[in-house]
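# Chains, contacts and geometry: an overview
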Amino acid sequence: MKQGIGYLNQNDLKINKEDITKQCKKIPNWKAPGLDGVQGYWIKKITSCHQRIAEQLDEILNGKAELPQWITFGRTVLCLKDPSRGNAVDNFRPISCLPLMWKLMTGVIAESMYTFLEMNDVLPNEQKGCRRKTRGTKDQLLIDKLVLRDCKRRHTYLSMAWIDYRKAYDMVPHS
């Protein structure tokens, strides 16, 4: 760990109305809602509820209130990947619709974590895929292309490896 990074626990995060209002702007208006049945449009437009939502999510986060069971349950729909393959078990992709309150809470936590990591310079420059406002994959592909071109022009040796990661869902046996 780099110097200056102190211990941070969940009690250091306080969810306030501004956090909820900022996170609400990122929510799509009419995407399929979770079990709560609330569309993003209404949470965005009824700003008088943002203070109460912030208070309740802060109580849940800091252990003053129980996490309601409905907030973590989603509705999952299986979407067909390739119609020509038919109803094969591995030909379906699961899409889960989680409640917006869960998305709000995890979004605020993620924003706080990212800010902490940026302030303490913890994110390595080599991992551009996890940095905001970067074109991680494109940048890395351009760098690879330039390195290969340079080695070819200079007739130098190059040792390189690419790792091809498969989706976790596709690796699960569907039998």
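In what follows, the accompanying structure is described. (Residues numbered from 1 in each chain as written. Predicted model: local features only at pLDDT ≥ 70, side-chain atom pairs only at ≥ 80, totals over all residues. Heavy atoms only, no water.)

With that out of the way, let us pick up the packing of helix 1 (residues 17-24) against helix 4 (residues 100-119). It is the contact of helix 1 with helix 4, at a shortest axis distance of 10 Å, that shows an interaxial angle of 105°. Of the possible angle classes, the one that applies to helix 1 and helix 4 is roughly perpendicular. On helix 4, the residues that touch Asp19, Ile20, Lys22, Gln23 and Cys24 of helix 1 are Leu104, Gly107, Val108 and Glu111. Among the residues forming the contact of helix 1 with helix 4, the class breakdown is four nonpolar, two polar and three charged. (Axes fitted to C-alpha atoms, helices over the stretch in contact; angles between N-to-C directions. Helix = DSSP H or I, 4+ residues; strand = E, 2+ residues; numbered from the N terminus. Parallel < 35°, antiparallel > 145°, perpendicular 65-115°, else oblique. Contact = heavy atoms within 4.5 Å. Nonpolar A, V, L, I, M, F, W, Y, C, P; charged D, E, K, R; others polar.)

This next bit is on the environment of Leu78. Looking at the element boundaries, Leu78 is found in strand 1 (residues 75-80). C-alpha separation for the pair Leu78 and Phe92, spaced 14 residues apart in sequence, amounts to 5.7 Å. Once you skip the residues sitting within four places of it in the chain, Leu78 turns out to touch Phe92, Arg93 and Pro94.

Shape descriptors only; they carry no functional weight alone.
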